Amino acid sequence: MTLNSESPSTSNRDWFFPSQSFNVPRSPARRFFSPYPRTTTSFQNSSSNFTSPLAVPRTLRRRISHRRRIQNSAGATTDEIGGNSNDAVLIQSEDCPSSGNKRTTSAHKKYTDFVRWRMACVIADEFSTLNARLRHCNISDSIDIIDSTPEHNISSASLKITALILSLMMLSLPLVFIKYMEYISNVRRQLDNTTEELSLNKRLAYRVDVFLSFHPYAKPLTLLIATLLLISLGGLALFGVTDDSIADCLWLSWTYVANSGNHTNSEGIGPRLVSVSVSFGGMLIFAMMLGLVSDAISEKFDSLRKGRSEVVEQNHTLILGWSDKLGSLLNQLAIANESLGGGTVVVMAERDKEEMELDIAKMEFDFRGTSVICRSGSPLILADLKKVSVSKARAIVVLAEDGNADQSDARALRTVLSLTGVKEGLRGHIVVELSDLDNEVLVKLVGGDLVETVVAHDVIGRLMIQCARQPGLAQIWEDILGFENCEFYIKKWPQFHGMQFEEVLISFPDAIPCGIKVASSGGKIILNPDDSYLLQEGDEVLVIAEDDDSYAPAPLPMVQGGNLPKNLIIPKTTERILFCGWRRDMEDMILVLDAFLAHGSELWMFNEVCEKEREKKLTDGGLDISRLANIILVNREGNAVIRRHLESLPLESFGSILILADESVEDSAIQADSRSLATLLLIRDIQAKRLPYREAMASKIHRGSSSQGSWREEMQQASDKSVIISEILDPRTKNLLSMSKISDYVLSNELVSMALAMVAEDRQINDVLEELFAEEGNEMQIRGADLYLCEGEELSFYEVLLRARQRREIVIGYRLANAEKAIINPPAKTERRRWSVKDVFVIIADKE
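Residues numbered from 1 in each chain as written. Predicted model: local features only at pLDDT ≥ 70, side-chain atom pairs only at ≥ 80, totals over all residues. Heavy atoms only, no water.

Another point: the overall build of the protein. Check the secondary structure of the protein and you find 28 helices and 22 strands. Counting only residues that meet the buried cut, the protein has 44% of its 848 residues in that class. Long-range contacts, defined as pairs at least 24 residues apart, comprise 75% of the intrachain contacts of the protein with a sequence gap of at least 6. Looking at the protein as shown, the accessible area adds up to about 45900 Å², and 54% of this sits on carbon and sulfur atoms. (Helix = DSSP H or I, 4+ residues; strand = E, 2+ residues; numbered from the N terminus. Buried < 20%, exposed > 50% of the residue type's maximum accessible area, 1.4 Å probe, protein only. Contact = heavy atoms within 4.5 Å. Areas by Shrake-Rupley, 256 points an atom, 1.4 Å probe, with all protein chains shown as cover.)

Written out as structure tokens, the structure reads:
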């Protein structure tokens, strides 16, 4: 049967039913999913079979055909309708053409509408049936799952109980282990019948203590292990009392450990009990962690505050020890480093870092860009030496301790031994301050070529003798030893090879050559060499200049020295010298003085030591009084701060008086200086009252002059008659003596600090200082201008220098008659000026 092609398209389209989506009510969501596969079809698969009327089931077509036969008034046969609903409709459409009767067309339309409605009803009924079947399938699946749940619950419950028991066993295992160890220890004691053996638990506790103290990361590692154990035990316990998985329980246990407030959301007795226990353990864990962190931070700050951290420096100056000389030493090093833009000085002593920094901050001088770093430690410990980068220091200064000289030198010797034991080796040299000259040989024997020694006590004693014989020499030594004015420098100048020293002497407009460092003699320094000495390759020139970069050679000037006056011989006269106080190196001072003074000179010793004990001390020091060639010893016993004891001495007859820092009070600088100052004032007052023109000065007072002015005038008059040299230990006492102008002085600690600083900057200078302070060789002197020129003669400084060379002397400066200070290395050396015979020149000449 075929379709009519001429019929409207709408008649054919009305018979096709598009696939529609129906809102079938779903079964409620299931909490558990069935593990078995489903056998029912989905709604989409069932509904896809009804996309066309041709796909209607056979039972549905039979119902539609039966109802059509009842309502069809045209008398269609049962066979025409019963085959296929779609074929019946098409047959009737062909029997009822569109151009036929209107009645037939209207009936056909009604019939079509009726068929559509009935088919829709039948499809809805069929969908209801399918939905019921689907519900039945879901219920069956749920029943299967419910039937299988008890077996699953039984296995899960046993696993949770096992986890809970395991957590409790692990929690109680340490207690059982400790009890077992005690039991084993008791059994061993009973078997061995001994009570002295330690128990195993004490041994275990000892091993734990050793582990925690020996390993630096033992405490953090123990805390980490405790945290992991707590999280694991808490997770197992939570898994045993809740329905969550083991991963969720471990995470929940960590949250309880990290934040104790998270356990408030727990429900049930078991979860709450476990969560509270884990939270309590977490509080303990975090308390211990905070304690460790706090201790680590506090220890770090304490190490910084106490100076325990390592110094990462190189080419720095390292000072080991602490004494009163440290302030002057730091000041000199700061001045020396100023031309370089500053440097670094590291101080290590057995003192608290904060105390050292506070004392250094109180020092009244400018550091000039130099950084001072303090560290606490002992120079006898290699670990402490490594902490201050001792192997990278360019110079190491070992200060002598205040107190007993032998103990101080013994400690210095041990320090040198520690320094020579540094595995990395030393880049710089060692400058050791010693208190006794007898210990110098031993220190040099231990240190070898690395060590340069400065015997402070011996240097000051020799310097006091020189200054007593030549007033004003102390101020010149301050200018030369310090870095503020002029100092010694050694440098190589290749252009001088083959030149004589006489030509080199006038080749520096801003420096004065003083000697030659001979390369062929192993670097030996020759002070004041002959004019005919030819400089060889490798020789270096020793000069006095303001700074190492402030001088350079220039073309030779045209200078003629001229002739010296005839009176070139300076006869030695007998002298009378007084020593007030007793020093440890008294025998050395006596020997030096015996070499300088003329025959028949007298040395008076006034102190509290009895005469027999003096002789014993001098003999023990190696002095044979009977072999003294030029001086006669006169002993007087008394206290230098008691006026009646001093009045028993002929103070007006002494040409030089040396007030020594007494051995009994030399440990305290303030007490020693107070004693020296009191002795100085008493001696000056006694001398002033014994002046021959005392009555004339007294008449001036009655005429209206002030008593204070007259006292100063009397003191000045007394100082013109004799020279008093006071040994000052504290630099603050210097201002008192400078203002009073009643004494020349020797600032011992400051001068020693200057010498240490110079040797630390250049170790070769130590050879120069040793020769200038020795009994033989060259020394620094002050001589009158009448030995080199005539009154009113007009000469340049170079001409005076060449005249002095006729006596093999080197003039390094001068002091005018009305000036208070000498000028070392004067500028404009070629400028001519008119000199006076009252002027004095500072020279370097041989002691003979």
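Additional details are given in the paragraphs that follow.
A few words on the nonpolar core. Generally speaking, a soluble globular protein has its nonpolar side chains buried in company with each other. Counting residues in each nonpolar core, the largest one holds 125 residues, and the members touching the most others are Ile319, Phe488, Phe579, Ile590, Ile812 and Phe841. Per-element tally for this core: the top contributor is helix H26 (residues 748-761), with nine residues. Once residues lying within four places of it in the same chain are set aside, the contact partners of Ile590 are Leu603, Met605, Leu618, Leu623, Leu628, Ile631 and Leu633. Grouped together as the second largest cluster of nonpolar side chains are 23 residues, Ala393, Val416, Leu419 and Leu426 included. (Core = buried A, V, L, I, M, F, W, Y, C linked by side-chain atoms within 4.5 Å.)

Looking now at the packing of aromatic side chains. Note on aromatic pairs: each is described by the distance of the centres and the angle between the planes. Inspection of every chain in the model, using the stated rule, returns ten aromatic pairs. Through successive ring pairs, a cluster of aromatic residues spans Tyr788, Phe797, Tyr814, Trp835 and Phe841. When the ring centre of Trp322 is taken as reference, the NZ or CZ atom of Arg351 above it lies at 4.5 Å. (Phe/Tyr/Trp six-rings, centres within 6.5 Å; stacked < 30°, edge-to-face > 60°. Lys NZ or Arg CZ within 6 Å of the ring centre and 35° of its normal.)

With that out of the way, let us pick up the pairing of strand E22 (residues 840-846). Remark: a regular strand shows side chains that alternate across the two faces of the sheet. Burial runs high along E22: six of the seven residues are buried. In the sheet, strand E17 (residues 778-784) pairs with E22 via seven bridges, with the strands oriented antiparallel. Bridge assignment links Gly784 to a residue of E22, and that residue is Val840. Relative to E22, strand E19 (residues 810-815) runs antiparallel, the two sharing five bridges. Residue pairing for E22: Val811 is matched across the bridge by Ile843. (Pairing = 2+ DSSP bridges.)

Across the sheet, which stays open at both edges, the six strands sit in the order E3-E2-E1-E4-E5-E6 with parallel pairing between neighbours. Every other strand in the sheet has two partners, leaving strand E3 (371-376) and strand E6 (451-455) as the edge strands with one partner each. Adjacent strand axes in the sheet meet at a mean angle of 20 degrees, parallel and antiparallel pairs treated alike. Inspection of the sheet shows strand E5 (residues 429-434) paired to E6 by five bridges, in the parallel sense. Within E6, the residue paired with Ile430 across the bridge is Val451. Against the sheet, helix H11 (residues 326-336) engages strand E1 (317-320), strand E2 (344-349), E3 and strand E4 (395-398), with an angle of about 175 degrees to E1. Along the sheet, helix H14 (residues 405-420) makes contact with E1, E4, E5 and E6, crossing E5 at roughly 170 degrees. (Axes fitted to C-alpha atoms, helices over the stretch in contact; angles between N-to-C directions.)

Another point: the sheet that holds strand E7 (residues 487-491). Reading across the sheet, the four strands line up as E7-E10-E8-E9 and stay open at both edges, with antiparallel pairing between neighbours. Each edge of the open sheet is held by one strand with a lone partner, namely E7 and strand E9 (524-527). When strand polarity is set aside, the average angle formed by the axes of neighbouring strands in this sheet is 30 degrees. By the bridge criterion, five bridges tie E7 to strand E10 (residues 540-545) in an arrangement that is antiparallel. If you follow Tyr489 over to E10, its bridge partner there is Val543.

A few words on a nonpolar patch on the surface. Together, Leu166, Met170, Phe211, Leu221, Leu224, Ile225, Leu228 and Leu229 give the surface a local cluster of nonpolar side chains, amounting to about 690 Å² of exposed area. Of all the secondary-structure elements, those providing two or more residues to the nonpolar patch are helix H6 (102-192) and helix H8 (218-241). Looking at the nonpolar patch, the element that brings in the most residues is H8, giving five residues. Within the element layout of this structure, Phe211 appears in helix H7 (residues 200-214). (Patch = residues over 30% accessible without salt bridge, like charges linked within 9 Å, V, L, I, M, F, W, Y side chains within 5 Å. Salt bridge = Lys/Arg side-chain N within 4 Å of Asp/Glu carboxyl O.)

The subject of this paragraph is unusual backbone geometry. For Asn528, which is not glycine, the phi dihedral falls at a positive 55 degrees. Here Asn528 is to be found in the loop between E9 and E10.

This part covers the packing of helix H17 (residues 473-481) against H26. At a minimum axis distance of 9 Å, the contact between H17 and H26 shows a crossing angle of 30 degrees. Classified by the angle between their axes, H17 and H26 sit roughly parallel to one another. By crossing handedness, the relation of H17 to H26 is classed as left-handed. Contacts between H17 and H26 involve Trp477, Glu478, Ile480 and Leu481 on the former and, on the latter, Leu751, Met754 and Met758. (Parallel < 35°, antiparallel > 145°, perpendicular 65-115°, else oblique. Left-handed = near helix turned anticlockwise from the far one by under 90°.)

What follows is about the confidence of the model for the protein. Do not read the predicted coordinates in detail wherever pLDDT is low. Overall, the predicted model of the protein reaches an average pLDDT of 77, with 75% of residues at or above 70. Note that pLDDT drops below 50 for residues 1-103; the model gives that stretch 85 contacts with residues more than four away or on any other chain. Across residues 693-708, confidence stays below pLDDT 50; counting only partners more than four residues off in sequence or on other chains, it has nine contacts. (pLDDT = per-residue confidence, 0-100.)

Turning our attention to the pattern of salt bridges. By the definition in use, this model includes 32 salt bridges. Of the charged contacts, one joins Lys325 and Glu433 as a salt bridge, the two residues approaching to 3.0 Å between their closest N and O atoms. Here Glu433 lies in strand E5 and Lys325 lies in the loop between E1 and H11, a separation of 108 residues in the sequence. Grouping residues by exposure puts Lys325 and Glu433 together as buried. Linking Asp624 and Arg627 is a salt bridge whose minimum nitrogen-to-oxygen distance equals 3.5 Å. Taking relative accessible area as the criterion, Asp624 reaches 34% and is therefore assigned partly exposed.

Below, the discussion takes up the side chain of Lys829. Here Lys829 is to be found in the loop between strand E20 (823-824) and strand E21 (832-834). Notably, Lys829 is buried but unbridged: the nearest opposite-charge side chain belongs to Asp510, and the N-O separation is 5.5 Å. Among the polar contacts made by the side chain of Lys829, one reaches the side chain of Asn825 at a distance of 2.8 Å. In this view, Lys829 contacts Phe508, Pro509, Asp510, Ala511, Ile512, Ser796, Phe797 and Tyr798; residues no more than four positions away in its chain are not counted. (Lys, Arg positive; Asp, Glu negative; His and termini not counted. Polar contact = N/O pair within 3.5 Å; in protein donor to acceptor, adjacent residues only side chain to side chain.)

At a minimum axis separation of 10 Å, helix H16 (residues 456-469) and helix H19 (residues 586-596) run at an interaxial angle of 35 degrees. Here H16 runs over H19; the crossing is right-handed. Counted together, Asp458, Gly461, Arg462, Ile465 and Arg469 of H16 and Asp588, Met589, Val592, Leu593 and Phe596 of H19 form the full contact between these two elements. Of the residues assigned to the contact of H16 with H19, the class counts are five nonpolar, one polar and four charged. (Nonpolar A, V, L, I, M, F, W, Y, C, P; charged D, E, K, R; others polar.)

Position of Thr370 relative to the elements: it lies in the loop between helix H12 (353-361) and E3. Classification of Thr370 by relative accessible area gives buried; the value is 8%.

This part is about the environment of Leu527. When you line up the elements, Leu527 lands in strand E9. For Leu527, a relative accessible area of 4% translates into the label buried. Once you skip the residues sitting within four places of it in the chain, Leu527 turns out to touch Cys514, Gly515, Leu542, Val768, Glu771, Leu772 and Asn778.

Let us look at helix H15 (residues 440-447). Within the sequence span of H15, burial applies to Glu440, Val443 and Gly447. Seen from one end, H15 has its buried residues packed into an arc of 65 degrees, which puts them on one side. Every exposed residue of H15 that faces more than 90 degrees away from the buried side is listed here: Val441 and Leu445. Of the surrounding secondary structure, the elements contacted by the buried residues of H15 are H14, E5, E6 and helix H27 (765-773). Looking at the residues trailing H15, positive phi occurs at Gly448, about 70 degrees. (Arc of directions from axis to C-beta.)

If you trace the backbone, Met363 turns up in the loop between H12 and E3. For Met363, a relative accessible area of 18% translates into the label buried. Distance from Met363 to Gly327, taken between C-alpha atoms, is 6.6 Å for residues 36 residues apart in sequence. The residues contacting Met363, other than those within four sequence positions of it, are Gly327 and Leu330.

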